[in-house]
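Chains, contacts and geometry: an overview
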Amino acid sequence: MYEKIAPHLEELTRALGDLEKTGIRAEFDKLIAFRVPPDVAKESILRKFGGKRKVLKVKDLSANLKNFELTGRILDLGEKSIRPQAGAPEKPSKLYTGVLADETGSVLFSSWKELPGSIGDVVNIKNAYIRIWQNRIRLSIGEQSPVSKISDSSLPPLSELSASYKKKLIDIGAVDFSVDTVACVLQLSRREAIVKGRQSRMISGVLADETGRLPFTAWIELPGIDIGSIIRIEGAQVRMFRGMPSVNILSSTKVSSVGPEEAGKLAFTFESAAKDPVPIKIEELGSRDSMFDVSVAGNLVSVRPGSGIISRCPECSRVIQKGNCRVHGKVEGIWDMRIKAILDDGTGSMSVMFPRELAETIYGKTLEEAEQLMFSDVSKDAVYEDLRRFLTGRYLAVRGNSSKSEFGVSFVAENAWVPEDDLAVRVVELLRRLGPDEENVPDKNSQVSGGGIELA
Ligand SMILES: [Zn+2]
């Protein structure tokens, strides 16, 4: 068999580069496994991967991209020796790492071969691919990625590119490694933490501007800066934590207060930034890798299996089955309740996780009450069935963090309520349909309290 496919693989390698690294080989093998003749498989692969080789800018980079072309200026370049794997006879190989930038941003890269240029030079890379390394996007240059130096390029000069990027919070993502931003401090707390065995003081909190919010951490003192301060941050590192970008303020980062005159020209004030987030469309969540502290309103179209009462391991909190933890074996489980549901707002749908406290609120039953239902009913799915009956079709607003994966958008709710304005609009709408007398609209205050109506 191999003799039959070898020439086709060679041709594909010549056209598309390293088939293993780019995943093209796996694709080819899949076609062969489906009994597609090798020459037909080759043509199909060439059409799929060769016909539309993508030319991308740094801002377009995201996980799972492969076989694209990118031109950038080398901002930083270093090399390190990688010891061969045990038993491998080869001498240590070298890995070249650095930062590549174009006018849209900058990205970390790693290359298994020496680049035909050094810091300041512009290189064009074909058949590049993206690897995720330490939760960060990394532009990868393989043995089969042709790299050429470009002598006359229209890219901005080194000095301009190496100034880190001024970004709004909403635009900060996994591709960024260093950013400048102006934001106000919404939350701030100082605490001691052990870092690499040493007692360190750290500050953590939340930043906000007119586009959104992001968590931040500072490993330096920030004298005079507190909740409500509007600050300029220059050269902060972007770290990914649980799929969420976080602004990391290090000793090399410059932080300064923004004076009142300049603050007056900004598109936000502390008051506007501190307001509860306005609900956004699920469609928009789907267009971003993650979003921090946003709200969404929609209908619960289904309650997923796995919702209801679950049992957790007392050691590690993993969900356990029949009193067995996958790590700790036989344990005395602790009851917990959660709801996983699909929320749809007409522009898209997402999976929402409601932890116990919120599950109790939106279900209107406490864990203890749900336990009674579970024990009093012969069906082990009694709570799940009850949840489905009670929640399916409900209109709800949620607030929390969203992240996107190959399975779609998932959202962890930190708050949930029935939107007040929507309720008022719906009541008026309902009364309008029932009869013309709008005097009958019930006094809103008799039903609505605070940010929304309490769920019964
Ligand atoms: Zn456990």
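Below is a summary of the structure that appears in this document. Note that the coordinates shown come from a computational prediction; the quantities given were computed from them, not determined experimentally. Each chain carries its own residue numbering, running from 1 in the direction its sequence is written. Only residues with pLDDT of at least 70 are given local features in this predicted model, and only at 80 or more are side-chain atom pairs given and counted; all residues enter the totals for whole chains, interfaces and linings. Working from all heavy atoms in the structure, the side-chain values ignore hydrogens and water.

Let's talk about the overall build of the chain
Tallying secondary structure elements over the chain gives twelve helices and 23 strands in all. The buried label goes to any residue with under 20% of its type's maximum accessible area, the exposed label to any with over 50%, and the partly exposed label to all in between, with areas taken from a 1.4 Å probe on protein chains only. With 456 residues in all, the chain has 42% of them scored as buried. Note on definitions: a residue-residue contact is assigned when non-hydrogen atoms from the two residues lie within 4.5 Å. Long-range contacts, defined as pairs at least 24 residues apart, comprise 61% of the intrachain contacts of the chain with a sequence gap of at least 6. Accessible surface computed for the chain: about 25,400 Å², of which carbon and sulfur atoms make up 50%. In this description a helix means any DSSP run of H or I spanning at least four residues, a strand means any run of E spanning at least two, and both kinds are numbered starting from the N terminus. A 1.4 Å probe and the Shrake-Rupley method give the accessible areas. Residues count as covered only by the protein chains that appear here.

Focus: the pattern of salt bridges
Any carboxyl oxygen of Asp or Glu within 4 Å of a side-chain nitrogen of Lys or Arg constitutes a salt bridge here. Counted under the stated rule, the structure contains 20 salt bridges. Across the pair glutamate 234 and lysine 254 runs a salt bridge, and its minimum N-O distance is 3.7 Å. Residue glutamate 234 is located in strand E12 (residues 230-241), and its partner lysine 254 is located in strand E14 (residues 254-257); the two are separated by 20 residues in the primary sequence. Residue arginine 288 is joined to glutamate 284 by a salt bridge in which the shortest nitrogen-to-oxygen separation is 3.7 Å. The class for arginine 288 is partly exposed, based on a relative accessible area of 23%.

Details of the coordination of the zinc ion
Only nitrogen, oxygen and sulfur atoms qualify as donors, provided they sit within 2.8 Å of the metal or within 3.2 Å for Na, K and Ca; with water excluded from the atoms, sites may seem incomplete. The protein atoms donating to the zinc ion are Cys313 (SG), Cys316 (SG), Cys325 (SG) and His328 (ND1), with metal-donor distances spanning 2.1 to 2.3 Å. Tetrahedral means four donors with every angle between 85 and 135 degrees, whereas square planar (four donors) and octahedral (six donors) require angles over 155 degrees between opposite donors and between 65 and 115 for all others; sites fitting neither are termed irregular. Each of the four donor atoms bound to the zinc ion contributes to angles spanning 106 to 113°, and the resulting shape is tetrahedral. Expressed as a motif, the donor residue spacing for the zinc ion is C-x2-C-x8-C-x2-H. A residue is classified by how much of its surface remains accessible, and cysteine 316, at 25% relative accessible area, is partly exposed.

A look at the side chain of serine 145
Summarising the element assignment, serine 145 is placed in the loop between strand E6 (136-141) and strand E7 (147-150). Here asparagine 127 takes part through its backbone oxygen, which lies 2.9 Å from a polar atom of the side chain of serine 145. When neighbours within four sequence positions are excluded, serine 145 is seen to be in contact with Lys113, Ile125, Lys126, Asn127, Ala128 and Tyr129. In protein, a polar contact requires one atom able to donate a hydrogen and another able to accept it; more generally it is a pair of N or O atoms within 3.5 Å, and residues adjacent in sequence count only if both atoms are side-chain atoms.

Regarding helix H9 (residues 356-363)
What H9 keeps buried is the set Leu358, Ala359, Glu360, Ile362 and Tyr363. Against the buried residues of H9 lie strand E19 (334-344), strand E20 (349-354), helix H10 (367-376), helix H11 (382-391), strand E21 (395-405) and strand E22 (408-419). Glycine 364 lies just past H9 and shows a positive phi near 80°.

Describing helix H3 (residues 24-33)
When H3 is considered as a whole, its buried residues turn out to be Ile24, Arg25, Glu27, Phe28 and Ile32. Viewed along the axis of H3, the buried residues span an arc of 160°, placing them on a single side of the element. Of the exposed residues in H3, the ones pointing more than 90 degrees away from its buried face are Lys30 and Ala33. Positioned one or two residues after H3, arginine 35 has a phi angle of 65°, which is positive. The directions considered for the arc are those from the helix axis to the C-beta atoms.

Re unusual backbone geometry
With a phi close to 50°, asparagine 67 is a non-glycine residue in the positive phi region. Note on placement: asparagine 67 falls in strand E2 (residues 66-82). Asparagine 67 gets classed as buried once you look at its relative accessible area, which sits at 3%. For serine 317, which is not glycine, the phi torsion reads 70° and is therefore positive.

Observations concerning the nonpolar core
Take the buried residues of types Ala, Val, Leu, Ile, Met, Phe, Trp, Tyr and Cys, join any two whose side-chain atoms come within 4.5 Å, and each joined set is a nonpolar core. One finds Ile339, Met350, Phe354 and Val398 to be the most contacted residues of the largest nonpolar core, which totals 33 residues. Once residues lying within four places of it in the same chain are set aside, the contact partners of isoleucine 339 are Val303, Ser307, Val352, Met353, Phe354, Ala359, Ile362, Tyr363, Leu387 and Leu391.

Overview of the pairing of strand E11 (residues 213-218)
With six of its six residues buried, E11 lies for the most part within the structure. Of the two faces of E11, both are covered, the one formed by Arg213, Pro215 and Thr217 as well as the one formed by Leu214, Phe216 and Ala218. Two strands qualify as a pair provided DSSP detects at least 2 bridges between them. Across six bridges, the pairing between strand E10 (residues 198-208) and E11 is antiparallel. Residue glycine 205 lies in a different strand from E11, and its bridge partner there is phenylalanine 216.

Section: the packing of H10 against H11
Contact geometry for H10 and H11: axes closest at 8 Å, N-to-C directions at 120°. In terms of orientation, H10 lies oblique with respect to H11. Touching Ala370, Leu373 and Met374 of H10 are Ala382, Val383 and Asp386, all from H11. Only the stretch in contact is used when a helix axis is fitted, and all axes are lines through C-alpha atoms; the angle between N-to-C directions ranges over 0 to 180 degrees. Orientation labels follow simple angle bins: below 35 degrees gives roughly parallel, above 145 gives roughly antiparallel, 65 to 115 gives roughly perpendicular, and whatever is left gives oblique.

What about the packing of helix H1 (residues 2-16) against H3?
Closest axis-to-axis distance for the H1/H3 pair is 12 Å, and the angle between their directions is 145°. As H1 runs across H3, the sense of the crossing is right-handed. Contacts between H1 and H3 pair Tyr2, Ile5, His8, Leu9, Leu12 and Leu16 from the former with Ile24, Arg25, Phe28 and Ile32 from the latter. Helix crossings get a hand from a simple test, with the near helix turned counterclockwise from the far one by less than a right angle marking a left-handed crossing and a clockwise turn marking a right-handed one.

As for the pairing of strand E13 (residues 244-249)
Burial of E13 is extensive: six of the six residues sit out of reach of the surface. Looking at chain direction, E12 and E13 are connected through five bridges and run antiparallel. Bridging from a neighbouring strand, methionine 240 pairs with proline 245 of E13. If you look at the hairpin formed by E12 and E13, you'll find two residues sitting between the two strands, and arginine 242 has a positive phi there, around 50°.

A word on the environment of serine 403
Inspection of the secondary structure puts serine 403 in strand E21. For serine 403, a relative accessible area of 27% puts it in the partly exposed group. A sequence separation of 118 residues divides serine 403 from leucine 285, and the C-alpha atoms of the two residues are 7.8 Å apart.

Structural notes on the packing of aromatic side chains
A pair of aromatic rings is counted whenever rings of Phe, Tyr or Trp (Trp by its six-membered ring) have centres within 6.5 Å, and the orientation is called stacked for planes under 30 degrees apart, edge-to-face for over 60 and tilted otherwise. Here the structure, examined in full by the defined rule, presents two aromatic pairs. Ring plane angle 75° and centroid distance 6.2 Å describe the contact between tryptophan 335 and phenylalanine 375, whose orientation is recorded as edge-to-face. Within this pair, whereas tryptophan 335 is found in strand E19, its partner phenylalanine 375 is found in helix H10, the two being separated by 40 residues in sequence. The exposure class assigned to tryptophan 335 is partly exposed, which follows from its relative accessible area of 37%. Aromatic side chains tyrosine 363 and phenylalanine 390 sit 6.3 Å apart centroid to centroid with 65° between the ring planes, which places their arrangement in the edge-to-face category.

Such coordinate-based values are descriptive only and should not be taken to indicate function.
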